[in-house]
Amino acid sequence: MSNQIENPIALAIHGGAGTITQGSINREEEEEYRRGLREPLEEGKKMLQVGVDAFDVVVHVVAMLEDNPLFNAGRGSVFTNSGTHEMDAAVMRGSDRAAGAVAGVSGIRNPIELARLVLEKSEHVLLAGAGAEEFAREMGLPFEEAAYFHTDQRYAQLLEAQKVGRVQLDHTENGGEETGVGEEKFGTVGAVACDVRGNLAAATSTGGMTNKRWGRVGDSPLIGAGTWADNRTCAVSCTGHGEYFMRWVAAYDLAALIEYRGLPLEEMANYLVKIKLREAGGEGGLIAVNRQGEVALPFNSEGMYRGWTDGTDLHVGIYRDLLG
């Protein structure tokens, strides 16, 4: 293809939101998180620059985040009440609103790859549990033993959550007094992109809630709640208290606000996250991009692991109003 870029490119990623302050992680941990965001962002940027489709980019970037045990997705997923891992993921293509998602899957190295195969190789949108795992085996996706997903930090979170008999969103805000776990962090990873042809795509993946029971599923694999992409409006990936993002259909709501009110991406994203969701009691954030290459990354929590690029500059942020 021609080297001329016909449409502005853009890529944004997130690695979770919550009570993330400069006092909640030490300098070494902060650098690990920044590196964990910068590396997939740089790789995704290079892919977009050479003309790779936005859909391929977001799947690849999210798979990289799943492979990093720092983030609550894939390898770094939190533990359920029974000491297992149940993972969710979704992808959506903005050119035709094709989507694929999986919920409550275990043992799959990269759930985002399975979500992609649901889109490409099945007639369905969402597969769950044992059926989704059977589909993964038929598709030849790699599985891992339970030890692959075990991290000491996540296991400690489970033990603390079980001690007080509560479900936790990665950590809990009052953990120092009530659970001894630490600050609240909503663990999800995601990516949104706009490619040289003006196509949009979104991908989201998560390990869910620490100590969760009964097959709980959050907003991440639900199209319109935690993940959305439509070339006419925007691509969105959410992170936060999933029950609120589901009830307010947050990802689609942003697209609808843009489509029906004709207002700018950043203005509508800020309204949704900082006013509408906050007033409802929902905490978290989202990343979004449109065909003009504009990016929005609003959050109403203390921080959000995030990164974005317009194909030239590259930024990584963790705390409120601070870049790095």
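Relevant structure appears above.
Notes on the structure follow. (Residues numbered from 1 in each chain as written. Predicted model: local features only at pLDDT ≥ 70, side-chain atom pairs only at ≥ 80, totals over all residues. Heavy atoms only, no water.)

Quick look at the overall build of the protein chain now. Of the regular secondary structure elements, the protein chain holds 10 helices and 13 strands. The C-alpha radius of gyration of the protein chain comes to 18 Å, within 12% of the 20 Å expected for a compact globule of 324 residues. Overall, the protein chain is about 55 × 45 × 35 Å in size when its C-alpha atoms are taken along their principal axes. Here the protein chain holds 324 residues, and the buried ones make up 60% of them. Nonlocal contacts in the protein chain, meaning residues at least 24 apart in sequence, comprise 66% of its contacts between residues at least 6 apart. (Helix = DSSP H or I, 4+ residues; strand = E, 2+ residues; numbered from the N terminus. Rg over C-alpha atoms; globule rule 2.2 N^0.38 Å. Buried < 20%, exposed > 50% of the residue type's maximum accessible area, 1.4 Å probe, protein only. Contact = heavy atoms within 4.5 Å.)

Once that is clear, we can look at unusual backbone geometry. Of note, R97 is a non-glycine position whose phi angle comes to about 55 degrees, a positive value. Take R97: it is sitting in the loop between β2 (87-93) and β3 (98-105). At V249, a residue that is not glycine, the phi angle is positive and equals roughly 45 degrees. A relative accessible area of 36% means that V249 is categorised as partly exposed.

This part covers the nonpolar core. When a protein is soluble and globular, its nonpolar side chains tend to lie buried together. Counting residues in each nonpolar core, the largest one holds 52 residues, and the members touching the most others are L11, V91, I112 and L114. If one sorts the elements of this core by residue count, helix α2 (residues 54-66) sits on top with 9 residues. Beyond its immediate chain neighbours, meaning those up to four positions away, L114 contacts V102, V105, I108, A132, F135, A136 and L141. F245, A255, L257 and V273 belong to the second-largest nonpolar core, a separate cluster that totals 37 residues. (Core = buried A, V, L, I, M, F, W, Y, C linked by side-chain atoms within 4.5 Å.)

Judged by pairing direction, the sheet is antiparallel, and its 4 strands sit side by side in the order β8-β9-β10-β11 without closing on themselves. In the strand order of this sheet, the two ends are held by β8 (227-229) and β11 (295-296), each with one partner. Pairing geometry for β8 and strand β9 (residues 235-240), over 3 bridges, is antiparallel. Bridging across to β9, W228 finds its partner in V236. Each of β10 (284-289) and β11 is contacted by helix α10 (residues 265-280), which is oriented at about 165 degrees to β10, the strand it contacts most. (Pairing = 2+ DSSP bridges. Axes fitted to C-alpha atoms, helices over the stretch in contact; angles between N-to-C directions.)

Turning our eyes to something else, we now look at the pairing of β10. When you tally the buried positions in β10, you get 6 out of 6 residues, the bulk of the element. Of the two faces of β10, the one carrying G284, L286 and A288 and the one carrying G285, I287 and V289 are both buried. The sheet contact formed by β10 and β11 spans 2 bridges and is antiparallel. Paired with V289 across the bridge in β11 is V295.

Right, let's get into the environment of N300. As for its placement among the helices and strands, N300 is situated in the loop between β11 and β12 (303-309). For the pair N300 and E266, spaced 34 residues apart in the sequence, the C-alpha separation amounts to 14 Å. Apart from residues no more than four positions distant in its own chain, N300 is found in contact with V273, L277, R278, G282, E283, G284 and R320. At a separation of 3.1 Å, a polar atom in the side chain of N300 contacts the main-chain carbonyl oxygen of G282. A polar contact is formed between the side chain of N300 and the backbone nitrogen of G284, at a distance of 2.9 Å. (Polar contact = N/O pair within 3.5 Å; in protein donor to acceptor, adjacent residues only side chain to side chain.)

With that settled, the discussion passes to the packing of α2 against helix α3 (residues 111-121). Axis separation between α2 and α3 bottoms out at 8 Å; the angle between their running directions is 150 degrees. For the element pair α2 / α3, the angle class is roughly antiparallel. Along the contact surface, α2 presents F55, D56, V59, V62, A63 and E66, while α3 presents P111, I112, E113, R116, L119 and E120. Of the residues assigned to the contact of α2 with α3, the class counts are 7 nonpolar, no polar and 5 charged. (Parallel < 35°, antiparallel > 145°, perpendicular 65-115°, else oblique. Nonpolar A, V, L, I, M, F, W, Y, C, P; charged D, E, K, R; others polar.)

One pass over the full model with this rule turns up 12 salt bridges. A salt bridge links E144 to R109, with the nearest nitrogen and oxygen atoms 2.6 Å apart. Highlighted residues: E144 in the loop between α4 (129-139) and α5 (146-149) and R109 in the loop between β3 and α3, separated in sequence by 35 residues. A relative accessible area of 25% places E144 in the partly exposed class. The salt bridge partner of R232 is E259, with a shortest N-O separation of 3.6 Å. Residue R232 is located in the loop between β8 and β9, and its partner E259 is located in helix α9 (residues 250-261); the two are separated by 27 residues in the primary sequence. Look at R232 and you get exposed, because its relative accessible area is 57%. (Salt bridge = Lys/Arg side-chain N within 4 Å of Asp/Glu carboxyl O.)

Most of β3 sits out of view: 8 of its 8 residues are buried. Two strands pair when backbone bridges link them, and β2 and β3 are joined in this way by 6 bridges, in the antiparallel orientation. Note that in β3 the partner of M87 across the bridge is V105. Count of turn residues in the β2/β3 antiparallel hairpin: 4 residues, of which R97 carries a positive phi of about 55 degrees. The sheet contact formed by β3 and strand β4 (residues 126-128) spans 3 bridges and is parallel. Its bridge partner being in β4, V102 is matched across the sheet by L127.

By themselves these figures say nothing about function.
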